[in-house]
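Structure assessment
Now for the letters of each chain:
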Amino acid sequence: MATEGANGVEINGASAEKKAVVFTALKPQLFVESSKASDAVAFYKAAFGAEELNRVSHPKRKADQELPLLLSAEIKLGSTSILISDLSDDSTAPVKTASSGLVFCLETEDVEAAVETAVKAGAVADGEISEGEGTCCGGRVGKVKDPYGIVWVICTPAKKFANVEA
């Protein structure tokens, strides 16, 4: 029997009267090949106009090492913060290898200019810009893959519908 529990939901037939947990943010974290996180931050600034909010380097790296291991750099893209980190073989690292299966969607009214800017910064366009009902948001959509293997879908804002049921 499945058990559910959180924020006052039933657990095995008994009501769980707990104080609701409130999250203040969701920050995706991208792990890139070791020593390339700084390059990734520079790319996201050039390609998408990201703003770097802060940066934390590994405190145990020696001064004589060429490239410091970046524990995280927080960038702001639109209203979202994203953490960029170097992969590490450190036993405490949450991720040990780069993985795929992650896609970011950026909304803009000028899809062509956004794709062009990303390509000039080093991304690779994936197909042509498409438009219409068959696209993910019903508007104009372009895709690029950044130098770190992440796919970015760039589209016009999703259309709002009045009668949407959950």
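Everything numeric here is computed off the predicted structure, so don't read it as measured data.

Across its full length, the protein carries 2 helices and 11 strands. For the protein, contacts bridging at least 24 residues in sequence account for 49% of all contacts bridging at least 6. Looking at the protein as shown, the accessible area adds up to about 11,200 Å², and 51% of this sits on carbon and sulfur atoms.

A separate point is the packing of aromatic side chains. Applying the stated criterion across every chain yields a total of 8 aromatic pairs. With 6.0 Å between their ring centres and 85 degrees between their planes, F43 and F48 make a pair best called edge-to-face. Using a relative accessible area of 5% as the deciding quantity, one classes F43 as buried. Judged by centre distance (4.5 Å) and plane angle (40 degrees), the rings of F48 and W152 are tilted.

Below, the discussion takes up the pairing of strand 7 (residues 103–107). Burial along strand 7 is one-sided: the residues F104 and L106 are buried and none of V103, C105 and E107 is. Pairing geometry for strand 7 and strand 11 (residues 151–155), over 5 bridges, is parallel. Each residue of the ladder has a partner; that of C105, found in strand 11, is V153.

Right, let's talk about the nonpolar core for a bit. Y44, F48, I82, I84, V144, W152 and I154 are the most contacted members of the largest nonpolar core, which totals 27 residues. Here this core gets 7 residues from one element, more than from any other, and that element is helix 1 (residues 37–48). Not counting the four nearest positions on each side in its chain, W152 is found in contact with Y44, F48, L77, I82, F104, L106, G142, K143, V144 and D146.

This paragraph deals with the confidence of the model for the protein. Per-residue pLDDT for the protein averages 79, and the proportion of residues at 70 or more is 67%. Segment residues 1–5 is flagged for pLDDT under 50; beyond a separation of four residues in sequence, or across chains, it makes 7 contacts in the model.

Glancing now at the side chain of S85. Within the secondary structure layout, S85 lies in strand 6 (residues 80–86). Its relative accessible area of 0% is what places S85 among the buried residues. Not counting chain neighbours up to four residues away, the residues in contact with S85 comprise Q29, L30, F31, V32, A37, L70, L71 and S72.

This part is about unusual backbone geometry. Both trends apply: most residues other than glycine have a negative phi, and most peptide bonds are in trans. In this model, S35 sits at a positive phi of 75 degrees, which is unusual for a non-glycine residue. Here S35 shows up in the loop between strand 3 (29–32) and helix 1. Residue class for S35 comes out partly exposed when judged on its relative accessible area of 26%.

We now examine the pattern of salt bridges. By the definition in use, this model includes 8 salt bridges. The partner of K45 in a salt bridge is E52, and the shortest N-O contact between them spans 3.1 Å. The partly exposed category is assigned to K45, whose relative accessible area is 36%. According to the relative accessible area criterion, E52 is partly exposed, its value standing at 24%. Between E112 and R140 there is a salt bridge; the shortest N-O distance is 2.0 Å. Remark: R140 occurs in strand 10 (residues 140–145) and E112 occurs in helix 2 (residues 111–121); sequence separation between them is 28 residues. Connected through salt bridges with shared partners, the residues K45, E52 and R55 form a single ionic network.

Calculation criteria
- Residues numbered from 1 in each chain as written.
- Predicted model: local features only at pLDDT ≥ 70, side-chain atom pairs only at ≥ 80, totals over all residues.
- Heavy atoms only, no water.
- Helix = DSSP H or I, 4+ residues; strand = E, 2+ residues; numbered from the N terminus.
- Contact = heavy atoms within 4.5 Å.
- Areas by Shrake-Rupley, 256 points an atom, 1.4 Å probe, with all protein chains shown as cover.
- Phe/Tyr/Trp six-rings, centres within 6.5 Å; stacked < 30°, edge-to-face > 60°.
- Buried < 20%, exposed > 50% of the residue type's maximum accessible area, 1.4 Å probe, protein only.
- Pairing = 2+ DSSP bridges.
- Core = buried A, V, L, I, M, F, W, Y, C linked by side-chain atoms within 4.5 Å.
- pLDDT = per-residue confidence, 0-100.
- Salt bridge = Lys/Arg side-chain N within 4 Å of Asp/Glu carboxyl O.

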